[in-house]
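What follows is each chain in one-letter form.
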Amino acid sequence: MMQAIEVSGVGLTLGDHRFGFDLVVPAGAFVAVTGPSGAGKSTLFNILAGFEAPDEGRVLIGGQDMASVPPGKRPVSLVFQDNNLFAHLDIFTNVALGVSPSLRLDTVGRAAVSSALSRVGLSGFEKRMPGTLSGGERQRAAFARALVRKRPIMLLDEPFAALDPELRHQMGDLLGALHRDEGFTVLMITHDRDEARRLADRFILVEAGHVAAQGAIADLPVPQGG
Amino acid sequence: MRPQRGMTGERMGGALALAFILGFVALALVPLLRFGSAGGLDAQIVGVLKFTLLQASLSTLLSVVFGAVVALSVARRPQLVGRVWLLRFMAAPMGLPALAAAFGVLAVWGREGVFNSVLSFFGVATKFNVYGMTGILVAHTFFNIPLAARLFTAALDRFPPTYWKLAANLGLGRVSLFRLVEGPALMAALPGVAGLIFMLCATSFTLVLTLGGGPAATTLEVAIYQALKFDFEPGRAVFLVLVQVVLTGLVLLFLAAFPTPAEERAQQGAGIRRFDGGSLVSKVWDGAVILVFLIFCGAPFVAILVDGLRADFPHLLADPLFWRALSTSAALGLSAGLLALILSWLIAVARISTASRVFAGGLDAGGSLILLTPPIVLSTGWFLWLKGGGGFAPYVLVAVINALMALPFSLRVLQPAVLSHFERTRRLSQSLGLTGFQRLRIIDAPALSRPLLMAFFFALALSLGDLGAVALFGGEGFVTLPWLIYARLGSYRTTDAAALTLILAAVCMAFAVLGTPSDRRQGEAGR
């Protein structure tokens, strides 16, 4: 099977922290990225998304070396815990940015935005401002934007952490469905091991700036001492 | 917070402070109304009004445009070395007395100034003439470009850090980023920033007086002063005062419709990172913008320092008039500081103790009444009362006016501090039976000493550097440091003026720093 992501011998020093990453992610996988706070999960995402340039090593995404590829040209979409939408732009515009960063949309583009919104259950929200939506609805809009961008890889940095447990479950189901239907490769940072087991088929465990383990979700180690 | 019984003392104090302010302002207005305004909108007054509005509009436009350009560059460089100091520097002109700034502007842009030396070095024969509209604009932009830049930078820095990541990930180009992210932030801050700057420029007195240089470049404030001081036409002055109050009233109404521009930044744990400034063109542009900004706003400071250090200090220190001016200024400043401290304390405490909306609104209005009736209006009224004499009274008046000028600012610092302090301690003090002076001494004074001292120092700095309230009363018998500088500048004794300016600027800046909330939080976010 083709690898969606190959990170080999990547090293990076930020202040006093030293990071080193080696990992592979098969295309179409749903990977739960876990590990203690401050271990380097977000740094790993920053390297993949192009926000940090590694001091050494290689990052291949879809078989292509990312060294000289700027963040906007990388085949990845991002969803954070919150502030995924520009608060001063309406929902349509926020999602439309995924079709065209200069907002030049033809009828096909507009239709794509509307259908993505309805796919995540936000039909009719086009003219609403992000501030008038609930936290869950805002994350749905962020997923809609990831849908219209059609980038093969989704990097989700604790996307449900700000939501209450029931909503979290629903959003997890939505994400699982999107993953099945669209065939994205998904990397999701999560502290919730149950969630990881429920949604993901693989895991990456990051500890002290390194990948401590990776593999099938069934092999996700049980943390010592809870 | 829910007001409670047993707080009558606090409300009484506030009522007293309010009565004092209203009485002081009302008494100033009585002679104005009694004199009645003579003349109407004759051609000259229309000219003055037009010039006032034109210079204020142009000053605002230039300040806002260049302030935004600087802010975009500074905000794009969150990791810039010395960024905290750059932001502090943007606050520096505000601490500089207007008269010192006028001196600095003249030293750089005046006839014998640095700029003309540079021109002649490059063989340009024509001399740059700073007096008139040009000088007013240069001085106003010197003060207000940094102000606008600071407020706009804060507006841009307040975005969540994820915005810049998303913008980079979505591939927003330079134009899209400005149109969709930076632009809206600037536009949201614009009315508040522009209104504030327009207000400052429309009521600016000292800069127009010193740099206007003639009847062609006179604003309402200066025209009032001239009508009283030189032409002695009280009726005309009263009419100009009415026009002035209507103008400031309109600007205040406009400002009230928009939120006060906030200076603080969002408390994001992680520092901001920007991903859009990597190209060489962008680095060169931002570097050039920040450098030009530093030169434009730094040059007057350097000029004040260099000219001041070259001046004849021993000669100045031997002059008894200097010592008289210094002691008068010190006495005025201390009185104004103390009065500002007391008034803002009484107002702030009463403000949180009252359940009456009318009273609360009255306290708010009283605290910022000086914005509606600027110093020149109040001093005009009192000047007419006293008919130019009055013995000791002018000293008291100037101190009171200076204190009132500081109130809107000191209340902005003190009010939130008082609110949170009382929320924390009220129940405990009550349960311990601590009331009145005992509570003030044991509980309130220690906890609130910092904001109280800030109010004191702010008013002190403002009073030391002020020429507006003194201008009408100043003369042989009533000499303050700014008045002395103004007189020395007028008689072309510039080396004395240079030394005095350096002393005044240094003292005022020092007190202004003590009177400004620390920006430690900005420092952390800026690293």
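These numbers come from a predicted model, not from an experiment.

J.: Any chance you could explain the overall build of chain A here in plain terms?
T.: For chain A, the count of helices and strands is 6 helices and 10 strands. Projected onto its principal axes, the C-alpha coordinates of chain A cover approximately 45 × 40 × 35 Å. In chain A, which comprises 226 residues, the share counted as buried stands at 54%. Contacts spanning at least 24 positions in sequence make up 68% of the contacts within chain A whose residues lie at least 6 apart. About 9700 Å² of surface is accessible on chain A, with carbon and sulfur atoms providing 50% of the total. Charge-centre separation for chain A: the mean point of 22 positive side chains lies 7 Å from the mean point of 25 negative side chains.

J.: How should helix H3 (residues 83-95) of chain B be read in this particular structure?
T.: The α-helix winds at 3.6 residues per turn, so residues separated by three or four positions along the chain end up facing the same way. The end-to-end C-alpha distance of H3(B) is 19 Å, a good match for the 18 Å that 13 residues give at a rise of 1.5 Å each. Arg83(B), Val84(B), Leu86(B), Leu87(B), Met90(B), Ala92(B), Pro93(B) and Gly95(B) are the residues of H3(B) that are buried.

J.: It is not clear to me how the environment of Ala506(B) should be interpreted in this structure. Could you clarify?
T.: Residue and element names in this part refer to chain B. Positionally, Ala 506 belongs in helix H22 (residues 494-514). A relative accessible area of 44% means that Ala 506 is categorised as partly exposed. On a C-alpha basis, the gap between Ala 506 and Ala 216 in space is 33 Å, while along the polypeptide they are 290 residues apart.

J.: It is not clear to me how the domain arrangement of chain B should be interpreted in this structure. Could you clarify?
T.: For an interface, size is often stated in terms of accessible area lost upon the parts coming together. All names here are of chain B. Under the domain assignment, chain B is made up of domain 1 (1-35 + 311-519) and domain 2 (38-308). Here the C-alpha centroids of domain 1 and domain 2 sit 25 Å apart. At the interface, 37 residues of domain 1 touch 36 residues of domain 2. Summing the contributions of domain 1 and of domain 2, the shared interface buries around 3100 Å²; its carbon and sulfur component is 78%. Its largest share of buried area at the contact with domain 2, domain 1 owes to Leu 372, Ile 376 and Met 509, together 17% of the area lost on that side.

J.: I'm lost on the nonpolar core in this one. Help?
T.: Generally speaking, soluble globular proteins have nonpolar side chains that are buried together. Among the nonpolar cores identified, the biggest contains 202 residues, and Ile5(A), Phe86(A), Leu155(A), Leu187(A), Phe152(B), Leu404(B) and Val418(B) are the most heavily contacted of them. A total of 15 residues in this core trace back to one element, the largest contributor, which is helix H18 (residues 393-432) of chain B. If you look at the next biggest cluster of nonpolar residues, it comprises 41 residues, including Leu174(A), Ala196(A), Leu205(A) and Leu220(A).

J.: Hey, could you run me through the interface of chain A and chain B in this one?
T.: With 24 residues of chain A in contact, the opposing surface of chain B contributes 19 residues. Of the roughly 1900 Å² buried between chain A and chain B on both sides combined, carbon and sulfur atoms contribute 62%. Remark: the boundary between chain A and chain B carries 1 salt bridge. One salt bridge in this structure joins Glu52(A) and Arg273(B), with 2.6 Å as the shortest N-O distance. Those elements that provide at least two residues to the side of chain A that touches chain B are strand E6 (76-79) and helix H4 (135-149) of chain A.

J.: How should I be thinking about the domain arrangement of chain A in this particular structure?
T.: All names here are of chain A. We note that the domain assignment places domain 1 (1-75 + 154-160 + 184-220) and domain 2 (78-150) within chain A. On a C-alpha basis, the centroid separation for the pair domain 1 and domain 2 is 25 Å. With both chains or domains summed, domain 1 and domain 2 bury close to 840 Å², and 68% of this area falls on carbon and sulfur atoms. Applying the counting rule to domain 1 against domain 2 returns 0 salt bridges. One can count 4 residue pairs in polar contact (both at pLDDT 80 or more) joining domain 1 with domain 2. A total of 4 residues in the side of domain 1 that touches domain 2 trace back to one element, the largest contributor, which is strand E7 (residues 153-157). When the residues that make up the side of domain 1 that touches domain 2 are grouped by side-chain class, the tally is 8 nonpolar, 1 polar and 2 charged.

J.: Help me out: how do you make sense of the pattern of salt bridges in this one?
T.: Two side chains carrying opposite charge are able to pair once their charged atoms lie near each other. Summed over the entire model, instances satisfying the criterion amount to 19 salt bridges over all chains. As a salt-bridge pair, Arg168(A) and Glu195(A) come within 3.1 Å of each other at their nearest N and O atoms. Here Glu195(A) lies in helix H6 (residues 193-199) and Arg168(A) lies in helix H5 (residues 165-182), a separation of 27 residues in the sequence. With respect to class, Arg168(A) is no different from Glu195(A); both count as buried. Between Asp307(B) and Arg310(B) there is a salt bridge, with the nearest N and O atoms lying 3.2 Å from each other.

J.: Honestly, a nonpolar patch on the surface in this entry has me stumped. Any pointers?
T.: Together, Leu54(B), Leu58(B), Leu61(B), Val65(B) and Phe66(B) make up an exposed nonpolar region whose accessible area comes to about 430 Å². Positionally, Phe66(B) belongs in helix H2 (residues 43-75).

J.: Would you mind showing me how to read the packing of aromatic side chains here?
T.: One pair of aromatic rings is described through two measures. These are the centre distance and the angle between the planes. Residues and elements named next belong to chain B. Scanning the entire structure with this criterion turns up 27 aromatic pairs over all chains. With a centroid separation of 5.4 Å and an interplanar angle of 70 degrees, the aromatic rings of Phe 456 and Phe 457 are classed as edge-to-face. The burial state of Phe 456 is the same as that of Phe 457; both residues are buried. Each residue in the set Phe 89, Phe 142, Phe 143, Phe 293 and Phe 301 is aromatic and connected to the rest through ring pairs, giving one cluster. The side chain of Arg 88 reaches across the aromatic face of Trp 85, ending 4.5 Å from its centre.

Conventions and cut-offs
- Residues numbered from 1 in each chain as written.
- Chains lettered and ligands numbered in written order.
- Predicted model: local features only at pLDDT ≥ 70, side-chain atom pairs only at ≥ 80, totals over all residues.
- Heavy atoms only, no water.
- Helix = DSSP H or I, 4+ residues; strand = E, 2+ residues; numbered from the N terminus.
- Buried < 20%, exposed > 50% of the residue type's maximum accessible area, 1.4 Å probe, protein only.
- Contact = heavy atoms within 4.5 Å.
- Areas by Shrake-Rupley, 256 points an atom, 1.4 Å probe, with all protein chains shown as cover.
- Lys, Arg positive; Asp, Glu negative; His and termini not counted.
- Charge placed at Lys NZ, Arg CZ, Asp CG, Glu CD.
- Expected span 1.5 Å × (residues − 1).
- Domains from an automatic or database assignment.
- Buried area = accessible area lost by both parts, 1.4 Å probe.
- Core = buried A, V, L, I, M, F, W, Y, C linked by side-chain atoms within 4.5 Å.
- Salt bridge = Lys/Arg side-chain N within 4 Å of Asp/Glu carboxyl O.
- Polar contact = N/O pair within 3.5 Å; in protein donor to acceptor, adjacent residues only side chain to side chain.
- Nonpolar A, V, L, I, M, F, W, Y, C, P; charged D, E, K, R; others polar.
- Patch = residues over 30% accessible without salt bridge, like charges linked within 9 Å, V, L, I, M, F, W, Y side chains within 5 Å.
- Phe/Tyr/Trp six-rings, centres within 6.5 Å; stacked < 30°, edge-to-face > 60°.
- Lys NZ or Arg CZ within 6 Å of the ring centre and 35° of its normal.

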